[in-house]
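Residue-level listing of the chains:
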Amino acid sequence: MKPSSPALISRDPLAPCAQPAYLWCMTAPLIDPFARAISYLRVSVTDRCDFRCAYCMTEHMTFLPKAELLSLEELDRLCTAFIRLGVEKLRITGGEPLVRKGILTFFAAISRHLQTGALKELTLTTNGSQLRKYAADLAALGVKRINVSVDTLDDRKFAEITRWGRLPQVLDGIAAAREAGLKVKINAVALKGFNEDELFTLTEWCARDGHDLTFIEVMPMGDMGEVQRTDQYWPLSDLRAQLATRYTLTDLTIRSGGPARYLRLNETGQTIGLITPLTHNFCESCNRVRLTCTGALYMCLGQEDMADLRAPLRASPDDAPLEQAIRAAIARKPKGHDFDYSRQKVAGQVRRHMSHTGG
Ligand code: SAM
Ligand code: SF4
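This paragraph deals with the confidence of the model for the protein chain. As a note on interpretation, predicted positions should not be read in detail where pLDDT is low. Summary statistics for the protein chain give a mean pLDDT of 87 and a share of 86% for residues scoring 70 or more. Note that residues 1–24 has pLDDT below 50 and, in this model, 27 contacts with residues that lie over four places away or in other chains.

As structure tokens, then:
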């Protein structure tokens, strides 16, 4: 609850906590320097994965030593602090979140915030490989919608792009999710020369099976060895033009509070999301921050700056220093990323891989 005193309400929410306004410090929402309210936290619970997608990782990826990972109890304490500060939506991601040992215990613990109503949504992004095992339990714990990454419906190409993944296992996982009552959104990274020819196959599959579908432009994250980002990049402006050759497109004004812009295909009635960090910067509406499995908080996916939350977390059982560190971090949230391929070369690249920060 917000304090009712006008003197407290008029306090600058970005000012560092000072004693006379301690009540405000405890209850003010997280607002960044560009007046964006931060209500969404993505948590990467592991950097490990059972796939090695060619746009996300190198084949011989070096992962963090397990000793560096926060325990699930520590991650719970961090998430709980964010929820106390006004985060209403939590997405669990990775790496592959469902390969983290004990992950269901973590979901079970976090779901108490759904029961109190403090948390409005608990969801996850997964490659789908473990869904047959976990979907029913996730649904029972209050997860309603999940994102599953599928870039191709061709077995051979799937094995090629994920290196270690197998499409039938993922499709079976998606079936399990649907049987458990979970709403599924398919995430497909648009990749030049790889899935351009599957645009309509993916779209029709989602229409037929009732999945939402979002396309994502490939972002310059992490050193990919020989792979050139500009060789992978298929601009969604082009993808959209391709869709328009077959469907009548209507731009929708709906916003999910995230980067996706939506359009409807009039003929099928389905909604397609487009995430366009390169062709159209969406940072003005950014409502999210990202926490890694080591307790680093990234205020922007496309910038190197981060805040270490592990130190205040471990320094004291009292959450006050942690909450102050979170507020200080939000006060440095940058305006946006600097990704750019427009001069035929990559600008704004960040060193860490997507699997480290969580997509
Ligand atoms: N392993 C899970 C999965 O694949 O859904 C969750 C983590 S993964 C890093 C989250 C999302 O990031 C996936 O949809 C993946 O396709 C996407 N992704 C990974 N690397 C990317 C990149 N360089 N550019 C754009 N999207 C990327
Ligand atoms: Fe793993 Fe997801 Fe990255 Fe693929 S995109 S390697 S499934 S973390």
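Next up on the list: the site of ligand 2. Around ligand 2 sit C49, F51, R52, C53, C56, M57, G95 and N127, and those are all the residues in its vicinity. Grouping the constituent residues of the shell around ligand 2 by class yields five nonpolar, two polar and one charged.

Before going further, it helps to spend a moment on the environment of S355. Inspection of the secondary structure puts S355 in helix α14 (residues 354–357). Exposure remark for S355: the relative accessible area of 3% places this residue in the buried category. C-alpha separation for the pair S355 and M221, spaced 134 residues apart in sequence, amounts to 9.3 Å. Ignoring any residue separated from it by four or fewer positions in sequence, one finds S355 in contact with S44, T46, D47, C56, M57, M61, G94 and G95.

Now for unusual backbone geometry. Phi angles above zero are rare outside glycine, and A35 is one such case at about 65 degrees. The residue A35 is located in the loop between α2 (22–27) and β1 (40–44) in this model. You will see that R163, though not glycine, has its phi angle at about 60 degrees, which is positive. For R163, the position within the fold is in the loop between α7 (155–162) and α8 (167–179). For R163, a relative accessible area of 24% corresponds to the partly exposed category.

This next bit is on the sheet that holds β1. Taken in spatial order, the twelve strands make up an open sheet running β7-β8-β9-β6-β5-β4-β3-β2-β1-β10-β11-β12, and their pairing is mixed. Two strands in the sheet have a free side with no partner beyond their single neighbour: β7 (249–251) and β12 (306–308). Between one strand axis and the next, the sheet turns through 25 degrees on average, direction left out of account. Along the sheet face, α8 touches β4 (145–149) and β5 (183–190) and points at about 150 degrees away from the line of β5.

With that out of the way, let us pick up the pattern of salt bridges. Considering all chains together, one arrives at 17 salt bridges under this definition. A salt bridge links D76 to R112; the nearest nitrogen and oxygen atoms lie 3.0 Å apart. One end of the pair, D76, is in helix α3 (residues 72–84); the other, R112, is in helix α5 (residues 112–116), with 36 residues separating them in the sequence. Looking at D76, the relative accessible area reads 11%, which means it is buried. Given the relative accessible area of 34%, R112 is considered partly exposed. Residue K157 is joined to D197 by a salt bridge in which the shortest nitrogen-to-oxygen separation is 3.2 Å. Of the two residues, K157 sits in helix α7 while D197 sits in the loop between β5 and α9 (199–209), which places them 40 residues apart along the sequence.

The rules behind each value
Residues numbered from 1 in each chain as written. Chains lettered and ligands numbered in written order. Predicted model: local features only at pLDDT ≥ 70, side-chain atom pairs only at ≥ 80, totals over all residues. Heavy atoms only, no water. pLDDT = per-residue confidence, 0-100. Contact = heavy atoms within 4.5 Å. Near = heavy atom within 4 Å. Nonpolar A, V, L, I, M, F, W, Y, C, P; charged D, E, K, R; others polar. Helix = DSSP H or I, 4+ residues; strand = E, 2+ residues; numbered from the N terminus. Buried < 20%, exposed > 50% of the residue type's maximum accessible area, 1.4 Å probe, protein only. Pairing = 2+ DSSP bridges. Axes fitted to C-alpha atoms, helices over the stretch in contact; angles between N-to-C directions. Salt bridge = Lys/Arg side-chain N within 4 Å of Asp/Glu carboxyl O.

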